[in-house]
Amino acid sequence: MAESNATYQQPICHDSSHPAKPDLSHPVDNTNKSHWSIDDFEIGKPLGKGKFGNVFLAREKKSKYIIALKVLFKSQLQKGGVEHQLRREVEIQAHLRHPNILRLYGYFYDDRRVYLILEYAPRGELYKQLRAQRTFSEPISAKYIRQIADALNYCHSKAVIHRDIKPENLLLDFFGNIKIADFGWSVHAPTSRRTTLCGTLDYLPPEMINSKPHDKSVDLWSLGVLCYEFLCGYPPFESEDQQSTYTRITTCSFNFPPHVSEGARNFISLLLVIDPTKRLPLDNALTHQWVVDQSAKSDDQMFPQRNDK
Ligand code: AMP
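Residues numbered from 1 in each chain as written. Predicted model: local features only at pLDDT ≥ 70, side-chain atom pairs only at ≥ 80, totals over all residues. Heavy atoms only, no water.

**Examining helix α11 (residues 289–296)**
Point 1. For α11, the full list of buried residues reads W290, V291, Q294 and S295. Take α11 and look down its axis: the buried residues cluster within an arc of 105°, on one side only. Seen from the buried face of α11, the exposed residues on the opposite side, beyond 90 degrees, are Q289 and A296. (Buried < 20%, exposed > 50% of the residue type's maximum accessible area, 1.4 Å probe, protein only. Helix = DSSP H or I, 4+ residues; strand = E, 2+ residues; numbered from the N terminus. Arc of directions from axis to C-beta.)

**Brief notes about the sheet that holds strand β9 (residues 170–172)**
Point 1. With respect to topology, 3 strands assemble into an open sheet ordered β7-β9-β10, the strand pairing being antiparallel. The sheet is open, and its two edges are formed by β7 (124–125) and β10 (178–180), each paired on a single side.
Point 2. Bridge count between β9 and β10: 3 bridges; the pairing is antiparallel. By the bridge assignment for β10, L170 is matched with I180. (Pairing = 2+ DSSP bridges.)

**So, the site of the ligand**
Point 1. Around the ligand lies a shell of 14 residues, among which G50, K70, E119, A121 and E125 are the nearest.
Point 2. K70 has a polar side-chain atom sitting 2.8 Å from an oxygen atom of the ligand.
Point 3. Backbone polar atom of E119 to a nitrogen atom of the ligand: 2.8 Å apart, as the coordinates give it.
Point 4. Bound to the protein, the ligand loses 83% of the 480 Å² it would expose on its own.
Point 5. Breaking the shell around the ligand down by element, the ones donating at least two residues are β2 (41–49) and β4 (66–73).
Point 6. With 3 residues, β2 is the single largest residue contributor to the shell around the ligand.
Point 7. Partitioned by chemical class, the residues of the shell around the ligand number 7 nonpolar, 2 polar and 5 charged. (Near = heavy atom within 4 Å. Polar contact = N/O pair within 3.5 Å; in protein donor to acceptor, adjacent residues only side chain to side chain. Areas by Shrake-Rupley, 256 points an atom, 1.4 Å probe, with all protein chains shown as cover. Nonpolar A, V, L, I, M, F, W, Y, C, P; charged D, E, K, R; others polar.)

**What to know about the packing of aromatic side chains**
Point 1. Tallied over the entire structure, the rule returns 15 aromatic pairs.
Point 2. Linked through ring pairs, W221, Y228, Y234, F237, F254 and F256 together constitute an aromatic cluster. (Phe/Tyr/Trp six-rings, centres within 6.5 Å; stacked < 30°, edge-to-face > 60°.)

**Notes on unusual backbone geometry**
Point 1. Unlike most non-glycine residues, R134 shows phi in positive territory, near 70°.
Point 2. When you line up the elements, R134 lands in the loop between α4 (126–133) and α5 (138–157).
Point 3. With relative accessibility at 52%, the residue R134 sits in the exposed group.
Point 4. Phi at C252 takes a positive value of approximately 50°, unusual for a residue other than glycine.
Point 5. Inspection of the secondary structure puts C252 in the loop between α8 (242–250) and α9 (262–271).

This is the structure:
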């Protein structure tokens, strides 16, 4: 795997309020190193397979700092026509600093591959947990939703829209906290709103399906879809075929199974609103009674032994 002429590049930052300073709490950042190469890392077990390459557990040799190394093949990136998307992902993710956003410490490349130096999320994909458990309890769902809403609020304050919030793009750290990963579809909110069709079908908001201009409120819709899927085990507009899903989304036609509480129904219904301007803003989502009350109970569910004392 080793190739010697790999070079490190400091991503370009468009947001002057958020300069690319090394974060002193992270040894990998702390080295102030300007040229990473594969020789700086010991490569461990594979953590997963993506569309354009693989992710490995790795350790920076000097600091012994554990990271996840994403290895992407240039040929596959070119074939998929996603080089611009990757560049955008790197530029955006490298400059975000939030406890619920996966850190991207840097990148380097050689003739055939691009390497992303990522924060390691030991509990892996939230998607796998959700499939294994089928649904999450209301306290756990509310805790995840609160963390995601807080991270999105931070992104929006930096004029970044994620646009692809779904369980597959969420990882869990050692303590079971959310780490938003995969900024492949995110954009720096432009002055004129964009009409690119992106995101996964079940999570697409009506304005994107209808190719209308969209803005940061696309992430509010996705938050509603996500909360529904956490509690029900399937997304709200799921159908046998694509056309029916589109129709159900554009008419906002969904029902709740009986076990979903009034509070959760109210929260989700305030986010799944066709008119993007009428969706519950993130500040209000964070103070919604259901989110506050249920997320406060989540520690009791994650650490039940505490109650025995
Ligand atoms: P991706 O190419 O981003 O879809 O990653 C492929 C798989 O690798 C994911 O589904 C995860 O299971 C795993 N993975 C990616 N990034 C990390 C990370 N930072 N920490 C732990 N596992 C990861």
